[in-house]
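Given next are the chains, with one letter for each unit.
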Amino acid sequence: MNAQPLNPSGDPRGCPVEHGSPDGLTRLYGPDVALDSHGIYGRLRKEYGAVAPILLEGDIPAWLVLGYRENRRVLDNARQFSRDSRIWRDWKEGRIEATSPLIQMLGWRPDCVSQDGEPHRRLRRAVSDNLEAIASRGIRRHVTHFANKQIDAFDEGSADLVSEYAEYLPMLVLTRLFGLPAAEGRNLAVSCAQVIKGGEDALVHNGRIMEILGQLAERKRTEPGPDFTTGLLGHDAGLDEGEILSHLRLVLITAHTTTSNLLARVLQLILTDSSRLAGLVSGQLNVAAVVEDAMWNSPPLAVLPGRFATVDLELGGRHIREGDLLVLGLSAGNLDPEIRPDVGVSLYGNQSHLAFSSGAHECPGQSIGQAIIETAVDVLLHRLPGLRLAVPVEELTSTASTWEARLDSLPVEFAAAPPRI
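Residues numbered from 1 in each chain as written. Predicted model: local features only at pLDDT ≥ 70, side-chain atom pairs only at ≥ 80, totals over all residues. Heavy atoms only, no water.

Engineer: Explain the packing of aromatic side chains to me, using residue names and the numbers behind them.
Structural biologist: Here a ring pair, both rings aromatic, is described through the centre-centre distance and the interplanar angle of the planes. Counted under the stated rule, the structure contains 4 aromatic pairs. When the centroid spacing of 5.6 Å and the interplanar angle of 40° are considered together, the rings of W88 and F308 count as tilted. With W88 in the loop between β4 (81-82) and α3 (89-92) and F308 in strand β6 (residues 303-309), this pair connects stretches of sequence that are 220 residues apart. Note on W88: relative accessible area 1%, which makes it buried. Aromatic pair F178 and F228: ring centres 5.2 Å apart, planes at 40°, arrangement tilted. Note that F178 is positioned in helix α8 (residues 169-178) and F228 in helix α11 (residues 228-234), a separation of 50 residues in sequence. F228 matches F178 in its accessibility class, with the two residues each being buried. A network of ring pairs unites the aromatic residues F154, Y165 and F414 as a single cluster. Across the ring face of Y168, the terminal group of R186 is positioned such that the distance to the ring centre comes to 4.2 Å. (Phe/Tyr/Trp six-rings, centres within 6.5 Å; stacked < 30°, edge-to-face > 60°. Helix = DSSP H or I, 4+ residues; strand = E, 2+ residues; numbered from the N terminus. Buried < 20%, exposed > 50% of the residue type's maximum accessible area, 1.4 Å probe, protein only. Lys NZ or Arg CZ within 6 Å of the ring centre and 35° of its normal.)

Dropping the structure here:
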């Protein structure tokens, strides 16, 4: 293949290989991605290098950034790569339907991740201040409470730690932090997962989330409490109605989906490595070290949406046009052979992974996610003596979408769970 640039809209100036799409470009959605997303990243890297043209749902063109250094350049340079999708050329020129599932992940909203500069700083301050406030109010106590309730519901001697633990525990904690009834937790967890997954149901589930959050905000105006919602309503940044609801949505979806995914991956690492499990049980290893491994090798968002080029420029040898969409391959970047020629080498203590993004939009809720995961693992190991994987390692499977790869199940066995003290 020659080294000339290739336009993701399908105007080839290189020689794309046929992958089943009308333009010969790889679709980053559908059954092939669900079964082998890492294989697709590898083929794209071999074919195009650090930046590859792909198609998103609805065959919408975009660039997938695969290189670690290229991801850093995009994430750390808001002047050239904006988060404001109102400059997205395909949107401006009417090629994106208002009902497209991509809108749930890429569309502009009056929240901090959709803006840059001073508007971003004002809104992010409101989010960060209130996340810090709730993190200081006994979050580990809430996690312990709900983790014990989940474990109490396990069948004697066996459980699936994905469907019976990791998928719902973070949302149950978030209901407490938001001031929502715990009974809303399971339905909200399902809806959040559907929004991230995309497809025809994404819009319906997003509507359900917004309806619940709208009712919550209305109630908290007359019944304030020590929660994230009340904090947003009263913050001196002066958020309006749309900004409040958009930030409740943003934090709820991202905090739950990323934490639940990462918790499942951490449990997978523990239960498929006897030395890790023994180290945790004996106290010679801490959960934070396992979380770090997971963030390098299985970040909770495999692909981060998205950035929009503010000018014509070169990135990874490709000509990017003003208004082009770029999506960030966090998983691919973390495994970039340019920085990790041997993925088997331990990265203990190295926190320069891409899992929490980078730059001005780096995730502000890292400490909360870490607290949920560490406490959830500690409670589980304390409550379930003899915890072990119930199936051969090779039987564990994952299903991917454009944005993430989730562990399907994690069946375990254990001695009878002792009663809570």
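Engineer: Lay out the sheet that holds strand β1 (residues 26-27) with the relevant residues and their values.
Structural biologist: If you walk across this open sheet you meet the 6 strands as β1-β2-β3-β9-β6-β4, and the pairing is mixed. Among the strands making up the open sheet, the edge pair consists of β1 and β4. Alignment of β4 against β6, held across 2 bridges, turns out to be antiparallel. Bridge pairing links S82 to F308 in β6. This element, helix α2 (residues 68-75), spans β2 (51-56), β3 (60-65), β4, β6 and β9 (325-329) of the sheet and lies at about 125° to β9. (Pairing = 2+ DSSP bridges. Contact = heavy atoms within 4.5 Å. Axes fitted to C-alpha atoms, helices over the stretch in contact; angles between N-to-C directions.)

Engineer: A description of the side chain of R276 should follow, citing residues and the corresponding values.
Structural biologist: Following the sequence through the fold, R276 ends up in helix α13 (residues 274-282). A distance of 2.7 Å separates a polar atom in the side chain of R276 from a polar atom in the side chain of D293. When neighbours within four sequence positions are excluded, R276 is seen to be in contact with L269, I270, L285, V290 and D293. (Polar contact = N/O pair within 3.5 Å; in protein donor to acceptor, adjacent residues only side chain to side chain.)

Engineer: Run through the pattern of salt bridges, naming residues and quoting values.
Structural biologist: Evaluation of the coordinates by the stated rule reveals 18 salt bridges. Here D324 and R89 are joined by a salt bridge, their closest N and O atoms 2.5 Å apart. With D324 in the loop between β8 (318-320) and β9 and R89 in helix α3, the pair connects residues that are 235 residues apart, well separated along the chain. Assigned by exposure class, D324 and R89 land together as buried. For D293, the salt bridge goes to R276, with nearest N and O atoms at 2.7 Å. With a gap of 17 residues between them, D293 in helix α14 (residues 287-297) and R276 in helix α13 connect regions that are remote in the sequence. Across this residue pair, the class does not change: D293 and R276 are buried. Counted as one network, the salt bridges with shared partners bring together D90, E93 and R95. (Salt bridge = Lys/Arg side-chain N within 4 Å of Asp/Glu carboxyl O.)

Engineer: I'd love a proper account of unusual backbone geometry, names of residues and values included.
Structural biologist: In the Ramachandran plot, D59 falls in the positive-phi region, its phi being about 55° despite a non-glycine side chain. Structurally, the position occupied by D59 is in the loop between β2 and β3. Judged by relative accessible area, D59 falls into the partly exposed class, the value being 25%. The backbone of S357 shows a phi angle near 70°, a positive value even though the residue is not glycine. In this fold, S357 is placed in the loop between α15 (330-334) and α16 (366-383).

Engineer: Tell me about the packing of helix α9 (residues 185-197) against helix α10 (residues 202-222), residues and numbers included.
Structural biologist: Closest axis-to-axis distance for the α9/α10 pair is 8 Å, and the angle between their directions is 135°. On the basis of the axis angle, α9 is oblique to α10. The handedness of the crossing between α9 and α10 comes out as left-handed. Here L188, V190, S191, C192, Q194 and V195 of α9 come into contact with α10, specifically with A202, H205, N206, R208, I209 and I212. Of the residues assigned to the contact of α9 with α10, the class counts are 7 nonpolar, 4 polar and 1 charged. (Parallel < 35°, antiparallel > 145°, perpendicular 65-115°, else oblique. Left-handed = near helix turned anticlockwise from the far one by under 90°. Nonpolar A, V, L, I, M, F, W, Y, C, P; charged D, E, K, R; others polar.)

Engineer: Give me the lowdown on the sheet that holds strand β5 (residues 158-160), citing residues and values where you can.
Structural biologist: Backbone-to-backbone hydrogen bonds pair the strands of a sheet. The strands run either parallel or antiparallel. Here we have 3 strands laid out as an open sheet, ordered β5-β13-β10, and antiparallel in their pairing. Edge positions in the sheet fall to β5 and β10 (388-389), since each has one partner strand and no second.

Engineer: Account for the pairing of β6, with residues named and values stated.
Structural biologist: Strand residues, when the strand is regular, have side chains that alternate between the two faces of the sheet. Taken across its 7 residues, β6 has 7 buried, putting it largely inside the fold. Sheet topology places β6 next to β9; 4 bridges connect them, and they run antiparallel. Residue pairing for β9: R307 is matched across the bridge by L326.

Engineer: Hey, could you go over α8 for me, with residue numbers and the actual values?
Structural biologist: In terms of burial, α8 is largely enclosed, as 9 of its 10 residues are buried. Along α8, the residues classified as buried are L169, P170, M171, L172, V173, L174, T175, L177 and F178. With its phi angle positive at about 90°, G179 sits one or two positions after the end of α8.

Engineer: Give me the state of the cysteines: which residues, what numbers.
Structural biologist: Tallied over the entire structure, the rule returns 0 disulfides. Unpaired in terms of disulfides, C112 finds its nearest cysteine sulfur in C363, a separation of 10 Å. Look at C112 and you get buried, because its relative accessible area is 5%. (Disulfide = S-S within 2.5 Å.)

Remember, this is a structural readout, not a statement about activity or role.
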